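In case you want the letters, here they are:
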Amino acid sequence: MSLAIEALHAGYGDLEILQGASIRVAPGQIVGLIGPNGAGKSTLLKTVFGYLRARAGRVEFDGHNLVGRRPDQILGLGMSYLAQTGGLFPDMTVHENLGLGGFILESARRRREALDELYARFPLLHERRRQLAGSLSGGEQRILAVARALMVRPRLMLLDEPTAALAPRFIDRVYETIVALNQSGIALLVAEQNVEMILAAAHHVFVLDLGQNAFDGAPAKLRESAQIRRLYLGDA
Amino acid sequence: MWESVADFVVQGIVLGGLYALIAVGISLIFGVLDVINVAHGEFFAVGGYLVFASVVLMHLGPALGIAAATAGTFVLGLAVYPLLLAPLRRRLGRRPSGSLYLVLTLGLSTFMQNGLLALAGGEYLQIPPHVRGILDLPFTSVSYQRLLVLAIAAVLLGGLFAFLKLHRYGLAVRAVAQDPDAAQSVGIVLGRVFGLTLALGVALAGASGALMAPLFNVYPAVGFPLTVKAFAITIVGGMGNLVGALIAALVLGVVESLAVMVIPSQWQNAIAFAAMIGVLLVRPQGLLGRAVAR
């Protein structure tokens, strides 16, 4: 098992958002995380990545306990995180943004190699390397954000609503990228509002509601369940 | 007439270089930590005392003295975040408001002034020029001491900008200024960057204290008026905008220096602060707006 989350509790101040959620991601899987607004999808990803401290429960990644670790330590274990809006540095160039993706790599030579590899894989970014990240189109910014998260060669990526606020023609591109990343051996845990897209791409889907597990299973099983369809997929 | 204009312009540029070292430090710290460092001028004073101790008491020579003042204030600066600001944040469980930081650094300022008074006494200490002699130019002449101030200010500020542009940790400083959450997602540890930024900012003040010591006298409260003036410069240049602070500092230095020719010198500060208030009324974001070293 790559990532195992058990009975996780977390939240902000007096507000406990996650109330015992459990999620599993096997190596090489795309796992979808869906549920209504406020169900705790973002909170779960932020707690796994160490932005928020778990109040109770276990988070294990490749045998390492993640509770109490900082984001930089978790990155070092081979997990990267993509914020909802991409989390780019808009006033820095494409090149500087990518370089910062490799911040935790101590050796300048390894940073250089990772950079060259990504430029070969995303020629568009090489073309635009001197441009400010904020001047790229919405779709190009998502590509830059994904590329930056690849600098550390993660085995698992956490994506928080990768298609939020994106024009429809870019949504397909983002999912093509997700599938391609997965085929190169990276597991992905994707929190998503766009249920149709994630059901088409994921191997396994978890439905969260009010901070707890409501359902989980293969996408096909999810489609069959009338109750799930009515509650979470917006069917009458 | 023209000779004295040239004279005042040269004096003004040197003064501007001094203001720049202090204002750029304040602006950097504000841009990254959102902290208005009221104690900034006290690091200028500490720099002066360190150069006095090295040069006058220990006869180490000016180069070592300036280096000791810069390094000493850097190390002191490294302690400020973990000992003072981080605990406040931890105890509160969230980002403290700006007013809390203001009171905290005002406390640090008073504590440092009093500490210097207790340790070194209140006398005005004099320090011999780091370099002697005068350079004759066609229109004016300028002491090597003033040229040294200007040269080192240029080297330090150039070094800072190069660091922010090229070094891995310099990029991290800018990343935190732009978006702390995103900075964490690439593995930047905020506390380390906060500590480093504070140390860099106050080391610039320490270096300028050491450089200016032969031109000012050294006493516990020597830095405070400079802090206040550097705030004015920082606001005119746009809070957190380093290039803005640099330009505003040079302009203010020259304007202040020239103004003495036509306006009695006791009006000098009134003019500087009237300019600040004027800018705030018309363009509250400063002349160049907010941006840390793009």
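What follows covers the overall build of chain B. The number of helices and strands found in chain B is 11 helices and 2 strands. Helices (α) and strands (β) of chain B occur, in sequence order from the N terminus, as α-α-α-α-β-β-α-α-α-α-α-α-α. Over its C-alpha trace chain B gives a radius of gyration of 19 Å, about what one expects of a compact globule, namely 19 Å for 294 residues. Along the longest, intermediate and shortest principal axes, the C-alpha atoms of chain B span 60 × 50 × 35 Å. Going through the 294 residues of chain B one by one, you find that 48% of them count as buried. Long-range contacts, defined as pairs at least 24 residues apart, comprise 77% of the intrachain contacts of chain B with a sequence gap of at least 6.

The subject of this paragraph is the packing of helix 2 (residues 40-57) of chain B against helix 3 (residues 62-92) of chain B. What describes two packed helices is the angle between their axes and the distance between those same axes. Residues and elements named next belong to chain B. Interhelical geometry of helix 2 versus helix 3 gives an angle of 140° and a closest axis separation of 8 Å. Judged by the angle between their axes, helix 2 and helix 3 are oblique. Considering only the axes of helix 2 and helix 3, their crossing is right-handed. Of the residues in helix 3, those touching helix 2 at Phe43, Val46, Gly47, Leu50, Val51, Ser54 and Val55 are Pro62, Gly65, Ile66, Ala68, Ala69, Gly72, Thr73, Leu76, Gly77 and Val80. Tallied by class, residues from the contact of helix 2 with helix 3 come to 11 nonpolar, 6 polar and no charged.

On to the nonpolar core, then. If you look at the biggest cluster of nonpolar residues, it comprises 84 residues, and the most contacted ones within it are Leu100(A), Leu28(B), Val32(B), Leu33(B), Val176(B) and Ile188(B). At 13 residues, the largest contribution of residues to this core is made by helix 1 (residues 2-33) of chain B. Setting aside residues no more than four positions away along its own chain, Leu100(A) makes contact with Phe89(A), Met92(A), Leu171(B), Ala172(B), Ala175(B), Val186(B) and Ile188(B). Ile34(A), Leu115(A), Leu144(A) and Leu166(A) belong to the second-largest nonpolar core, a separate cluster that totals 45 residues.

With that settled, consider the side chain of Ser185(B). Tracing the backbone shows Ser185(B) in helix 7 (residues 180-185). Ser185(B) gets classed as buried once you look at its relative accessible area, which sits at 8%.

Another aspect to go through is the environment of Gly20(A). All names here are of chain A. By the element assignment, Gly20 lies in strand 2 (residues 15-25). With relative accessibility at 23%, the residue Gly20 sits in the partly exposed group. Through-space distance from the C-alpha of Gly20 to that of Arg58 is 9.9 Å; in sequence the pair is 38 residues apart.

On inspection of all chains with the given rule, the structure shows 15 salt bridges over all chains. Between Asp72(A) and Arg70(A) there is a salt bridge, with its nearest N and O atoms 2.9 Å apart. You can call Asp72(A) buried: its relative accessible area is 14%. Relative accessible area serves as the criterion here: at 33%, Arg70(A) is assigned to the partly exposed category. One salt bridge connects Lys165(B) with Glu96(A), and the closest N-O pair in it is separated by 3.2 Å. Remark: Glu96(A) occurs in helix 3 (residues 94-101) and Lys165(B) occurs in helix 5 (residues 144-166); the pair is interchain, linking two chains. On the basis of relative accessible area, Glu96(A) is assigned to the buried category, the value being 7%. Each of Glu6(A), Arg24(A), Arg58(A) and Glu60(A) takes part in a single network of salt bridges with overlapping partners.

Moving on, we come to helix 5 of chain B. Over its 23 residues, helix 5 of chain B extends 32 Å from the first C-alpha to the last, a length consistent with the 33 Å expected when each residue adds 1.5 Å. For helix 5 of chain B, the complete set of buried residues consists of Gln145(B), Val149(B), Ala153(B), Leu157(B), Leu160(B), Phe163(B) and Leu164(B).

Moving on, we come to the pairing of strand 10 (residues 212-217) of chain A. On any regular strand, side chains alternate: one points to one face of the sheet, the next to the other face. All names here are of chain A. Note: strand 9 (residues 204-209) against strand 10, 5 bridges, orientation antiparallel. Looking at strand 10, one finds that Val207 is bridged to Phe215. Hairpin connection of strand 9 to strand 10: 2 residues between the antiparallel strands, including Leu210 at a positive phi of 50°.

Turning next to a nonpolar patch on the surface. Residue and element names in this part refer to chain B. On the surface, a cluster of nonpolar side chains totalling about 510 Å² of accessible area is made up of Val243, Ile247, Val251, Val255, Leu287 and Leu288. Take Leu288: it is sitting in the segment after helix 11 (268-282). Residue classification places Leu288 among the partly exposed residues on the basis of a relative accessible area of 48%.

Before going further, it helps to spend a moment on the confidence of the model for chain B. Put simply, chain B has an average pLDDT of 89, and 97% of its residues get 70 or more. Both scores are available for the predicted complex, with the pTM at 0.91 and the ipTM at 0.90.

Across the boundary between the two partners, chain A contributes 22 residues, which contact 20 residues of chain B. The contact between chain A and chain B buries some 1900 Å² in all, and 59% of this surface belongs to carbon and sulfur atoms. Considering only the surface of chain A that becomes buried against chain B, Phe89(A), Asp91(A) and Phe103(A) emerge as the three largest contributors, covering 34% of it. On inspection of chain A and its partner chain B, the count reaches 3 salt bridges. Its salt-bridge partner being Glu96(A), residue Arg174(B) comes within 3.1 Å of it at the nearest N-O pair. Connecting chain A to chain B are 6 residue pairs in polar contact (both at pLDDT 80 or more). Of all the secondary-structure elements, those providing two or more residues to the side of chain A that touches chain B are helix 2 (71-76) and helix 3 of chain A.

What counts and what doesn't
Per chain, the residues get numbers from 1 upward, laid out in the order the sequence is written. Naming scheme: in the order in which they are written, chains are lettered from A and ligands are numbered from 1. Residues qualify for local features only when their pLDDT is at least 70, as the model is predicted, and side-chain atom pairs are given and counted only at 80 or more; totals for whole chains, interfaces and linings, by contrast, use all residues. Side-chain descriptors were evaluated using all non-hydrogen atoms of the structure, hydrogens and water having been removed beforehand. Working definition: helices are DSSP H or I runs of at least four residues, strands are E runs of at least two. Numbering for both runs from the N terminus. The globule rule is 2.2 Å times the number of residues to the power 0.38, and the radius of gyration it is compared with is taken over C-alpha atoms. Buried means the residue's accessible area, taken with a 1.4 Å probe over protein chains only, is under 20% of the maximum for its type, while exposed means over 50%, and partly exposed covers the values in between. Throughout, a residue-residue contact means that at least one pair of heavy atoms, one from each residue, lies within 4.5 Å. Think of each axis as a best-fit line through the C-alpha atoms, taken over the contacting stretch in the case of a helix, with angles from 0 to 180 degrees between the N-to-C directions. Convention used here: angles under 35 degrees read as roughly parallel, angles over 145 as roughly antiparallel, angles from 65 to 115 as roughly perpendicular, and any remaining angle as oblique. Left-handed describes a crossing whose near helix is turned anticlockwise from the far helix by less than a right angle; the clockwise case is right-handed. Think of it as three bins: nonpolar holds Ala, Val, Leu, Ile, Met, Phe, Trp, Tyr, Cys and Pro, charged holds Asp, Glu, Lys and Arg, and polar takes everything else, Gly as well. The set of buried Ala, Val, Leu, Ile, Met, Phe, Trp, Tyr and Cys residues whose side-chain atoms join them within 4.5 Å is what this entry labels a nonpolar core. Any Lys or Arg side-chain nitrogen found within 4 Å of a carboxyl oxygen on Asp or Glu counts as a salt bridge. Expected helix span is computed as 1.5 Å times (number of residues minus one). Two strands qualify as a pair provided that DSSP identifies no fewer than 2 bridges between them. Patch construction takes residues with relative accessible area above 30% that form no salt bridge. Like charges are linked within 9 Å, and nonpolar side chains (Val, Leu, Ile, Met, Phe, Trp, Tyr) are linked within 5 Å. Residue exposure ignores everything except the shown protein chains as possible cover, and the areas themselves are Shrake-Rupley values with a 1.4 Å probe. On a scale of 0 to 100, pLDDT captures the predictor's confidence in every residue. Summed over both partners, the accessible area lost on bringing two parts together, with a 1.4 Å probe, is the buried area. What qualifies as a polar contact is a pair of N or O atoms within 3.5 Å, subject to a donor-acceptor requirement within protein and to the restriction that residues adjacent in sequence count only when both atoms come from side chains.

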